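What follows is the residue order along each chain.
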Amino acid sequence: MPDTSGTVRGWVLPAIAGAASVAFGAGLGELTAAIVAPASSPFVVVGSLLIDLAPSWAKDAAIALFGTADKAALLIGIGLVLVAVAGAAGVLEARRPPWGRVLVGLIGVVGAVAAATRANATMLAVVPSAVAAIGAVLALQFLVRRLPAGRGAPDEGGVTPAGRGAPGEGGRVSRPDAPSADPEALAPRPTNGIDRRRFLGWAGGAAVLGALAAFGGYALQAGTRAVTAIRDSITLPRAATSATVPASAELGIDGLTSVITPNTEFYRIDTALAVPAVDPATWSLRIHGLVDREVTLTWDELLALPLEESVTTLACVSNEVGGDLIGNAVWLGYPIRELLARATPSADADMVLSRSVDGFTASTPLTVLQDDRNAILAVGMNGEPLPAEHGFPVRMVVPGLYGYVSATKWVVDLEVTRFDAASAYWTDRGWSERGPIKLQSRIDVPRQGQQVTAGDVVIAGVAWHQHVGIAGVEVQLDDSDWRAATLATAISDDTWVQWHYEWADAPSGTHTVRVRAISADGEVQTAERVGVVPDGATGLHDRTFDVS
Ligand SMILES: Nc1nc2c(c(=O)[nH]1)N[C@H]1C(S)=C(S)[C@@H](COP(=O)(O)O)O[C@H]1N2
Ligand SMILES: [Mo]
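Residues numbered from 1 in each chain as written. Chains lettered and ligands numbered in written order. Predicted model: local features only at pLDDT ≥ 70, side-chain atom pairs only at ≥ 80, totals over all residues. Heavy atoms only, no water.

Once that is clear, we can look at the overall build of the protein chain. Counting its regular elements, the protein chain contains eleven helices and 19 strands. Here the C-alpha atoms of the protein chain give a radius of gyration of 31 Å, more than 25% beyond the 24 Å that 2.2 N^0.38 yields for 548 residues. Taking the principal axes of its C-alpha atoms as reference, the protein chain extends roughly 95 × 70 × 50 Å. Taken across its 548 residues, the protein chain has 47% of its residues classed as buried. Within the protein chain, residue pairs in contact and separated by at least 24 positions form 74% of the contacts whose partners lie at least 6 positions apart. Within the structure as shown, the protein chain displays about 24800 Å² of accessible surface, and the carbon and sulfur contribution to it stands at 60%. The averaged location of the 56 negative side-chain charges in the protein chain is 13 Å from the averaged location of its 40 positive side-chain charges. (Helix = DSSP H or I, 4+ residues; strand = E, 2+ residues; numbered from the N terminus. Rg over C-alpha atoms; globule rule 2.2 N^0.38 Å. Buried < 20%, exposed > 50% of the residue type's maximum accessible area, 1.4 Å probe, protein only. Contact = heavy atoms within 4.5 Å. Areas by Shrake-Rupley, 256 points an atom, 1.4 Å probe, with all protein chains shown as cover. Lys, Arg positive; Asp, Glu negative; His and termini not counted. Charge placed at Lys NZ, Arg CZ, Asp CG, Glu CD.)

Structure below.
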């Protein structure tokens, strides 16, 4: 009569330990993702990595086979592979510790690599996979220790490699030090059934906890899903005044940042651990403080106003020289000046403290919000409602000021006040209370260290001094004189402008090119290197490349 209990304890129970541990870890990972990095759900990132890596015939076959259910099929497929590998990890851990845990850790590494290589991956992207791996490793260690004694347990003695795991054999070997070394263990023991039930209880518990965590994560994101659905169903009103982007604003040079930044490539900076989910139906803006009358504005009221399109380049004060925390978009919104006029600020007010639904605040000089620039409450970005991470449903956009003192996303409150009476989020953390954007320029082409073919070499980049404007850009090749680059057409003084310089017959060798911009008010960009704290970096960007 075959001894099936040997099979069960030899590898079925260890496989269950593996699967339950990985279910536990995976659930924790999904919950963590829901909290810190919704775009980095381990399942979803591994799925999208596979989609990226799959040859097109495989994609075609998947679509032919599963149709619109191809994504669901992929996720189920990943789940099945995961269960199989997890089972193997359990058996491995029972026989050759710590290799089972190592295998589980490797699954985590796959998740982390997938997360880190996704477009727009943030530094938090690897956290869910790391939490999943740590949870699964600890659970595996815990469960394998609780395997019914003697069979498939670590260090089981007296088994030849060939004999390991052979069905029916596990029942006759046992660790010398284990209770099952007792001669009684050779006969069926009543305690074994109890051990097994106890083990299955722990394993089932781990799997259930994992499922609950995954479900919790899903539930946590219900608000986000609902708001995403609302956003997707919104058609913004047509602009009463539309913006034009001249075709000659875009040089179309390979490697040069496009003059309008697509929403998916737009830098994102905020303090929000989870992107706030704000339902426009419940959104309202309150304008209060040093005003003659309080004003509140609902979403419907805002959309009923004559909305204006404007093109403004946002920049972050933390942008290093040569950095990419800057982007340019066509915004749709309503002038804040008009709303302030309704409220009528008192004469002694000099600042507006804008507040986000999540408590972030920015201090903007009142005059900047009252003059004729396109300081707006924005609802649209490049022809779409604001993406959630860029402030849906409403944010501020103010030409000429760094984002931390002006570009409040998910804005719900404008308090008219004074700089000597209130201070904003970053000011309280050592940054300047005012943040006009500094004159800057950047080289995009060639890339640092690029090998360039000898001949005419194209050098190109962008320059900006929002709300002042760029009059010129100059480049310095190695240590020669500064030479004028050619500017593309500027969209306006509120946007960056592309520039290029053709270096005819560049000699072979290693070269460094430096760039500086000249402002519309005559300021020449300083070479003095200053860091980003407290009010923005200065210094000249350079690139070194090889011509051969
Ligand atoms: N609610 C909120 N709004 C915010 C911030 C924030 O942390 N929270 N960061 C500001 C900063 S520092 C910048 S640079 C811009 C960036 O806007 P973006 O993420 O749409 O590019 O948003 C600003 N608005
Ligand atoms: Mo910023």
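Moving on, there is more to tell.
A few words now on the domain arrangement of the protein chain. For the protein chain, the assigned domains are domain 1 (5-161 + 186-219), domain 2 (247-429) and domain 3 (440-547). In this structure, domain 2 and domain 3 have C-alpha centres spaced 29 Å apart. Taken together, the contact between domain 2 and domain 3 spans 36 residues of the former and 31 residues of the latter. Together domain 2 and domain 3 conceal approximately 2500 Å² of surface at their shared face, both sides included; 61% is due to carbon and sulfur atoms. For the interface between domain 2 and domain 3, the tally reads zero salt bridges. Our enumeration of links across domain 2 and domain 3 arrives at eleven residue pairs in polar contact (both at pLDDT 80 or more). Broken down by secondary-structure element, the contributors of at least two residues to the side of domain 2 that touches domain 3 are strand 3 (308-315) and strand 4 (326-335). The greatest single-element share of the side of domain 2 that touches domain 3, amounting to five residues, is contributed by strand 3. Considering only residue class, the side of domain 2 that touches domain 3 consists of 15 nonpolar, 16 polar and five charged. (Domains from an automatic or database assignment. Buried area = accessible area lost by both parts, 1.4 Å probe. Salt bridge = Lys/Arg side-chain N within 4 Å of Asp/Glu carboxyl O. Polar contact = N/O pair within 3.5 Å; in protein donor to acceptor, adjacent residues only side chain to side chain. Nonpolar A, V, L, I, M, F, W, Y, C, P; charged D, E, K, R; others polar.)

In this model, the protein chain carries a mean pLDDT of 89, and residues with pLDDT of at least 70 account for 91%. Contacts from residues 151-189, a stretch scored under 50 in pLDDT, to residues over four places away or in other chains number 56 contacts. (pLDDT = per-residue confidence, 0-100.)

Quick look at the nonpolar core now. Formed by 74 residues in total, the largest nonpolar core has its most connected members in Ile287, Leu302, Trp331, Leu377 and Val379. Ranked by the residues each element gives to this core, the list is headed by strand 4, at six residues. Per-domain counts for this core show at least three residues from each of domain 2 (247-429) and domain 3 (440-547). Discounting chain neighbours no more than four positions away, the residues touching Leu302 are Trp283, Leu297, Leu307, Tyr334, Leu377, Val379 and Val394. Formed by 21 residues, the second largest nonpolar core is a distinct cluster that contains Ile443, Val473, Val497 and Phe545. (Core = buried A, V, L, I, M, F, W, Y, C linked by side-chain atoms within 4.5 Å.)

Bringing the packing of aromatic side chains into the picture now. The full count for this structure, using the stated rule, is nine aromatic pairs. Note on Phe360 and Tyr425: the rings are 5.7 Å apart at their centroids and 40 degrees apart in plane angle, and the pair reads as tilted. Taken together, the residues span a long stretch of sequence, with Phe360 in the loop between strand 5 (351-356) and strand 6 (361-365) and Tyr425 in the loop between strand 10 (411-417) and strand 11 (440-445) at a distance of 65 residues. Every member of this aromatic cluster is reached through a ring pair, and the members are Phe360, Tyr404, Tyr425, Trp426 and Trp431. The ring of Tyr218 carries Arg225 above its face, with NZ or CZ at 3.7 Å from the centroid. In this structure, Arg429 packs its charged tip against the face of Tyr425, placed 3.7 Å from the ring centre. (Phe/Tyr/Trp six-rings, centres within 6.5 Å; stacked < 30°, edge-to-face > 60°. Lys NZ or Arg CZ within 6 Å of the ring centre and 35° of its normal.)

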